[in-house]
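Coordinates in review
Each chain, written out:
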Amino acid sequence: MGFLKLGIGKVGDPPSIFPDLCERHEKGVLHKHQRALHKYSVTKRQMLSAAVQSREPDSAQPLESRIVEQENAIQTLELRSFFSLYCLHQEMQLVHIYLPLTSHILGAFVNSQIQGHKEMSKVWNDLKPKLSCLFAGPNSSLPPPRSPQDGMSPQ
């Protein structure tokens, strides 16, 4: 029942859905992209300081290859970020498209549950007088039922 209430709350409040989608984007690709940019800037600074300290071309070669590697990683993460934003946009469009349909489905479900409970109530109400005649005479009353522990002797 709690899950149903949570689901109804989310469906009934589309603005609360959007922050969830954005948080998913930020925790995923965007965070990795920011780390790659930071690593790139640190490597770039190391290269500049190494170039200033020593004029040897061999010492700059490993730093240059690390910079190229970081640039490729950043480019890949940017593409992933764009794709993630595209998916985010598509999900929001689907929410807006299917929200009215979802409310109709939920309304039909609620009406079905109400009807089912009414029918079961009628069955139990019809059964009640039959059971009272079966277990009790017309003028007698039954003692309350005993629990299973009442009939057992203590050991």
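Residues numbered from 1 in each chain as written. Predicted model: local features only at pLDDT ≥ 70, side-chain atom pairs only at ≥ 80, totals over all residues. Heavy atoms only, no water.

Let's talk about the overall build of the protein
We apply this condition: The numbering of helices and of strands both runs from the N terminus, where a helix is a DSSP run of H or I of at least 4 residues and a strand a run of E of at least 2. Under the scheme applied here, a residue whose accessible area is under 20% of the maximum for its type counts as buried, over 50% as exposed, and between as partly exposed, the area being computed with a 1.4 Å probe on protein chains only. Contacts were defined at the residue level, with two residues in contact if any of their heavy atoms lie within 4.5 Å. Areas reported here follow the Shrake-Rupley algorithm with a probe of radius 1.4 Å; residue values treat only the protein chains shown as occluding.
The number of helices and strands found in the protein is 3 helices and 0 strands. Among the 155 residues that make up the protein, the fraction classed as buried is 16%. Long-range contacts, defined as pairs at least 24 residues apart, comprise 71% of the intrachain contacts of the protein with a sequence gap of at least 6. About 12800 Å² of surface is accessible on the protein, with carbon and sulfur atoms providing 63% of the total.

Regarding a nonpolar patch on the surface
The cut-off we apply is this: Excluding any residue in a salt bridge, patches collect residues exceeding 30% relative accessible area, merging like charges within 9 Å and nonpolar Val, Leu, Ile, Met, Phe, Trp and Tyr side chains within 5 Å. Should a side-chain nitrogen of Lys or Arg be within 4 Å of a carboxyl oxygen of Asp or Glu, the pair is scored as a salt bridge.
A cluster of nonpolar side chains, contributed by Met-120, Trp-124, Leu-127, Leu-131, Leu-134 and Phe-135, occupies part of the molecular surface with about 650 Å² of accessible area. Overall, Leu-131 belongs to the partly exposed group, its relative accessible area being 36%.

What to know about the nonpolar core
The cut-off we apply is this: In this description, a nonpolar core means a group of buried Ala, Val, Leu, Ile, Met, Phe, Trp, Tyr and Cys residues linked to one another through side-chain atoms lying within 4.5 Å.
One finds Ala-36, Tyr-40, Ile-67, Ile-74 and Leu-77 forming the largest nonpolar core, which totals 5 residues. At the level of secondary structure, the elements contributing two or more residues to this core comprise helix H2 (14-53) and helix H3 (57-135). The dominant element in this core, judged by the number of residues it contributes, is H3, at 3 residues.

Brief notes about the pattern of salt bridges
Across all of its chains, the model carries 1 salt bridge by this definition. Among the salt bridges present, the one from Lys-122 reaches Asp-126, with a minimum N-O distance of 3.2 Å. Placement of both Lys-122 and Asp-126 in helix H3 is noted, with a separation of 4 residues, approximately one turn of the helix.

Side note on the environment of Glu-78
As for its placement among the helices and strands, Glu-78 is situated in helix H3. When the C-alpha positions of Glu-78 and Lys-32 are compared, they lie 9.9 Å apart, and in sequence the two are 46 residues distant.

Structural notes on the confidence of the model for the protein
Note the following rule: pLDDT runs from 0 to 100 and stands for how confident the predictor is about each residue.
When pLDDT is averaged across the protein, the result is 74; 61% of the residues are at 70 or more. Element-level pLDDT for the protein is lowest in helix H1 (residues 2-11), with a mean of 51, against a maximum mean of 85 in H3.

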